[in-house]
Amino acid sequence: MELPCWCLLLLSCLQSLSAHNDFFTSIGQMTDLLYTEKDLVTSLKDYIRAEENKLERVKRWADKLDLLTATATQDPEGFLGHPVNAFKLMKRLNTEWGDLESLVLSDTTDGFISNLTIQRQYFPTDEDQTGAAKALLRLQDTYRLDANTISTGDLPGVKHKSPMTVEDCYELGKIAYSDVDYYHTELWMAQALRQLDQGEESTLDKVTVLDYLSYAIYQQGEIERALEYTKRLLELDPEHQRAKGNLKYFEFQLEKQKKAAEDDAEKQKERGKRETTEKKKPKKKVSNHLIPERKKYEMLCRGEGIRMTPRRQSRLFCRYYDNNHNPKYVLSPVKQQDEWDRPYIVRYLDIISDKEIEKVKQLAKPRLRRATVHDPQTGKLATAHYRVSKSAWLTGYEDPMIDKINQRIEDLTGLEMETAEELQVANYGVGGQYEPHFDFGRKDEPDAFKELGTGNRIATWLFYMSDVSAGGATVFPDVGAAVWPQKGSAVFWYNLFASGEGDYSTRHAACPVLVGNKWVSNKWIHERGQEWRRPCGLNETE
C-alpha cells in the first residue's frame, strides 16, 4: 500500500526526531511534536471521511433495498412474475450482496493505523511524561503555587491558558505516589476530588481518588483526616474491602494515640512538680547564614531574599563601554551596567541581534542533546537530574557568524578565546533548571578539565537569547544576586580571582522556567592564554 505524500514527509520529519530523546528537557524540540500531532489529526480526519463515505454508500444501499423488499413482499409471486424482477433478484443475491460484503469488510483504518504505529516509535516515552509531571511539581514548590492555580491555568504571563482535567490531576497524583511522594499525592488527589465535587464530568470516580487520598494522608501521619476520607469513601462504596480494613486500623491507631497522649500528660504533670524551680532556656534565633541553600535558591527565584544595602547599590553604575579604547568600540561603545558588586557581575545590553540569535538557534536546534555536567569523580561528562535542558556546541569554523560572536566576546572582555570552550547553546525544557553549581573546578576536582589541557574556567560569558514570561532567573544563592533574562543582553563574571583561586561566591543556578521558552548561549573562558591579559594577583582573593 502506498503512503500519502504528506505521510512520507511526516515520517522523514519524525526520523530526524528519532535521534533525540528526553523531549521534556527542551521546549524548542517539543515544538516539533506539535506539528507532528497536527499532521496526525489530518490523517485521522482523512480516516473519518473515508468511514463516513463508506457508511453513506451502505446507507443508500439499505434504503433502496428496504423500499424494494417492502413492495415485493406484499405480493411475492406477482412481483417475481415480472422476468426483469426475477433476474435482478438473482443478480443482487449472487453479485451485489457480495460487493456489499466486500465494502463493509474493507478496512479504511489500515492506512491510519499503520502510519500511527510507525510514528509511535518516535513519540515521547513514559520517561518524558514522568519528567514533565515532576517538572510541574518542582514549579509548584519553587514558586509556591497551589494546585488549583496550576489546574485552572492562571499562571503569570501566560498567553494560552490551559486548564487541567480531573484525569490530569489524578495522573500527577499517581506519578507522585509512584515516587513515594505522599505530600504531592495529597495535593493533586485533593484537587481531582475538588473538581469532581464541583461537577466536572470524568471517567474517574470519587472512590478511586479517595482511596489514594486517604492513604497519602495516613502516610504523612494525619490519621484523623485519613479516617474522615475513608468514611466518605465507604459512604460511596460500603463494600470496598481495603477501605473497610483501613477504617478498623485507623480507629485502632487513633485510640492508641489517645491513650499514649494521656500517659504522656500524666508523666509531664509529675515531672512539672519536680522542675518548677528550673528556668526555661530561651530559644535560639536562626541566623540568615544558616538558611539552607535550597531555600535561599527558591527565595531568589521568587524575587525574594537578600536585598543589597542602599550604600552598596549606590556604587552600581551603567555606562558606555569601549574596553580601554578598543578600536571597534571607540565610535560605537556598548551599553554596560553593573548587576552586582561581589562577585562583580556586569550586563551588556543589545549585544547580540535578533538575526544572530535566530541563526544560532537554527544551527543549534538539530544538534540539541540532553545537557551534561562534569562528574567530579571521573572528570567526564554525564547527564544529571538537576540540569533539565538540552545543549549543543557550535564552533567558529562552522559559520562566520559564530566566529564573529566569539571575537566580540574577546574584544569586550580582553580575554583570549583560542583556549575557551566552544559556544554552548542551551534550551530549557518543562520547568527547565540548573541547580546551584560552580563553573570552575575546585581543588577536590583536579581532573575536572584535564582532557582540555587549558586550565580552569577563569570566567563565564552568558547570552540571553529570549525573554522569559515568568521564572528563569540566574541566581547566586550565597550572595543574594538575581539576574533576570533579557533578550539580546549578556552577563559576564570571573570565576577565579587574579591569583587563580576559585571565587566561591560565584556559585549560581538557573531557576526553573515557569512560563515561556528560555534560550541561552554561554562561553566558558579558560586560564591558558590569559597570562598577559589578566596577570596573576599577589593575594589569594585579589
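Please read these numbers as outputs of a predicted model, since none were measured by experiment.

## Quick word on the overall build of the protein chain
Then, in step 1: Assigned secondary structure in the protein chain consists of 16 helices and 17 strands.
Then, in step 2: Taking 2.2 N^0.38 as the reference for a compact globule, 542 residues should give roughly 24 Å; the C-alpha atoms of the protein chain span a radius of gyration of 34 Å, well beyond that estimate.
Then, in step 3: Referenced to the eigenvectors of the C-alpha coordinate spread, the extents of the protein chain come out at roughly 120 × 85 × 40 Å.
Then, in step 4: Per-residue burial for the protein chain yields a buried fraction of 43% across its 542 residues.
Then, in step 5: In the protein chain, the share of contacts with a sequence separation of at least 24, taken over all contacts with a separation of at least 6, comes to 73%.
Then, in step 6: Of the roughly 31,300 Å² of accessible surface on the protein chain, a fraction of 53% belongs to carbon and sulfur atoms.

## Things to note about the sheet that holds strand β2 (residues 334-340)
Then, in step 1: Across the sheet, which stays open at both edges, the 9 strands sit in the order β1-β2-β3-β14-β10-β17-β8-β7-β4 with antiparallel pairing between neighbours. Two strands close off the open sheet at either side, each with one partner strand: β1 (318-321) and β4 (369-370).
Then, in step 2: When strand β10 (residues 457-464) meets strand β17 (residues 519-526), the two strands line up antiparallel, connected through 7 bridges. Within β17, the residue paired with Thr 460 across the bridge is Trp 524.
Then, in step 3: On the sheet, helix α2 (residues 27-72) packs against β7 (389-394), β8 (423-428) and β17 and is oriented at approximately 55° with respect to β8.

## Here we look at the sheet that holds strand β13 (residues 481-483)
Then, in step 1: The strand order β9-β15-β12-β13 describes an open sheet built from 4 strands, whose pairing is antiparallel. One side of each edge strand has no neighbouring strand; the edge strands of this open sheet are β9 (434-437) and β13. Across this sheet, the average inter-strand angle for adjacent strands is 15°, counted without regard to direction.

## So, the packing of helix α15 (residues 354-364) against helix α16 (residues 400-413)
Then, in step 1: At a minimum axis separation of 10 Å, α15 and α16 run at an interaxial angle of 120°. With respect to each other, α15 and α16 are oriented oblique. Handedness of the α15/α16 crossing: left-handed. Residues Lys 355, Glu 356, Lys 359, Val 360 and Leu 363 of α15 form the contact with α16, whose participating residues are Met 401, Ile 402, Lys 404, Ile 405 and Arg 408.

## Points about the pairing of β2
Then, in step 1: The buried count for β2 comes to 5 of 7 residues, which makes it a mostly enclosed element.
Then, in step 2: When β2 meets strand β3 (residues 345-349), the two strands line up antiparallel, connected through 5 bridges. Its bridge partner lying in β3, Gln 337 is registered against Arg 347.

## Looking at helix α4 (residues 83-105)
Then, in step 1: For α4, with 23 residues, the first-to-last C-alpha span of 32 Å sits near the 33 Å given by 1.5 Å per residue.
Then, in step 2: The principal kink in α4, of about 45°, is found at Arg 92.
Then, in step 3: Inspection of α4 places Arg 92, Glu 96, Leu 100 and Leu 103 among the buried residues, and these make up the whole buried set.
Then, in step 4: Looking at the packing, one finds that the buried side of α4 touches α2.

## Observations regarding the nonpolar core
Then, in step 1: Ranked by internal contacts, the top residues of the largest apolar core, which has 43 residues, are Tyr 143, Trp 188, Val 209, Val 475, Cys 511 and Leu 514.
Then, in step 2: A total of 6 residues in this core trace back to one element, the largest contributor, which is helix α8 (residues 166-178).
Then, in step 3: Apart from residues no more than four positions distant in its own chain, Trp 188 is found in contact with Leu 137, Gln 140, Ala 147, Ile 150, Ser 151, Met 164, Cys 169, Leu 172 and Gly 173.

## Quick word on unusual backbone geometry
Then, in step 1: Here the amide bond leading from Arg 342 into Pro 343 is cis, since omega sits at 0°, within 30 degrees of zero.
Then, in step 2: The residue Pro 343 is located in the loop between β2 and β3 in this model.
Then, in step 3: For Arg 144, which is not glycine, the phi dihedral falls at a positive 50°.
Then, in step 4: Tracing the backbone through its elements, the reader meets Arg 144 in the loop between α6 (126-142) and α7 (147-152).
Then, in step 5: Of note in this structure, Asn 323 is not a glycine but carries a positive phi near 50°.
Then, in step 6: Structurally, Asn 323 can be placed in the loop between β1 and β2.

## Concerning the state of the cysteines
Then, in step 1: Within the structure shown, the criterion is met by 1 disulfide.
Then, in step 2: Cys 301 shares a disulfide with Cys 511; S-S distance 2.0 Å. Between Cys 301 and Cys 511 the sulfur-sulfur dihedral comes to about -90°; the bridge is accordingly left-handed. With Cys 301 in helix α13 (residues 293-301) and Cys 511 in the loop between β15 (508-510) and β16 (513-515), the pair connects residues that are 210 residues apart, well separated along the chain.

## Regarding the packing of aromatic side chains
Then, in step 1: Under the counting rule described, the total for this entry stands at 20 aromatic pairs.
Then, in step 2: Relative to Trp 97, the ring of Trp 61 has its centre 5.8 Å away and its plane inclined at 85°; by these criteria the two rings are edge-to-face. With Trp 61 in helix α2 and Trp 97 in helix α4, this residue pair connects regions lying 36 residues apart in the sequence.
Then, in step 3: For Trp 61, a relative accessible area of 15% puts it in the buried group.
Then, in step 4: By relative accessible area, which is 39% here, Trp 97 ends up partly exposed.
Then, in step 5: Feature note: the residues Tyr 170, Tyr 177, Tyr 182, Tyr 212, Tyr 215, Tyr 218, Tyr 249 and Phe 250 constitute an aromatic cluster, connected by ring pairs.
Then, in step 6: Its end group placed over the ring of Phe 440, Arg 442 keeps NZ or CZ at 6.0 Å from the ring centre.
Then, in step 7: Seen from the ring of Tyr 428, Lys 518 lies directly overhead, with NZ or CZ sitting 4.6 Å from the centre.

## Notes on the confidence of the model for the protein chain
Low pLDDT marks stretches whose predicted atomic positions should not be read closely.
Then, in step 1: Confidence along the protein chain averages 88 in pLDDT terms, with 90% of residues attaining 70 or more.
Then, in step 2: Below a pLDDT of 50 lies the segment residues 1-20, which in the model reaches 32 contacts outside its immediate sequence neighbourhood of four places, other chains included.
Then, in step 3: pLDDT under 50 marks residues 277-283. Its contacts with residues more than four places away, or in other chains, come to 0 contacts.

## Notes on the side chain of Ser 391
Then, in step 1: On the secondary structure map, Ser 391 appears in strand β7.
Then, in step 2: In terms of polar contacts, Ser 391 uses its side chain to reach the side chain of Gln 424, at 3.4 Å.
Then, in step 3: Discounting chain neighbours no more than four positions away, the residues touching Ser 391 are Arg 367, Leu 368, Arg 369, Ala 371, Gln 424, Val 425 and Ala 426.

## Observations regarding α6
Then, in step 1: The terminal C-alpha atoms of α6, which comprises 17 residues, lie 24 Å apart, in line with the 24 Å expected from a rise of 1.5 Å per residue.
Then, in step 2: Close packing links the buried residues of α6 with α7, α8, α9 (182-197), α13 and β16.
Then, in step 3: Positive phi shows up at Arg 144, right after α6, with a value of about 50°.

Procedures and definitions
Residues numbered from 1 in each chain as written. Predicted model: local features only at pLDDT ≥ 70, side-chain atom pairs only at ≥ 80, totals over all residues. Heavy atoms only, no water. Helix = DSSP H or I, 4+ residues; strand = E, 2+ residues; numbered from the N terminus. Rg over C-alpha atoms; globule rule 2.2 N^0.38 Å. Buried < 20%, exposed > 50% of the residue type's maximum accessible area, 1.4 Å probe, protein only. Contact = heavy atoms within 4.5 Å. Areas by Shrake-Rupley, 256 points an atom, 1.4 Å probe, with all protein chains shown as cover. Pairing = 2+ DSSP bridges. Axes fitted to C-alpha atoms, helices over the stretch in contact; angles between N-to-C directions. Parallel < 35°, antiparallel > 145°, perpendicular 65-115°, else oblique. Left-handed = near helix turned anticlockwise from the far one by under 90°. Expected span 1.5 Å × (residues − 1). Bend = angle between axes of the 7 residues up to and from the residue. Core = buried A, V, L, I, M, F, W, Y, C linked by side-chain atoms within 4.5 Å. Disulfide = S-S within 2.5 Å. Phe/Tyr/Trp six-rings, centres within 6.5 Å; stacked < 30°, edge-to-face > 60°. Lys NZ or Arg CZ within 6 Å of the ring centre and 35° of its normal. pLDDT = per-residue confidence, 0-100. Polar contact = N/O pair within 3.5 Å; in protein donor to acceptor, adjacent residues only side chain to side chain.

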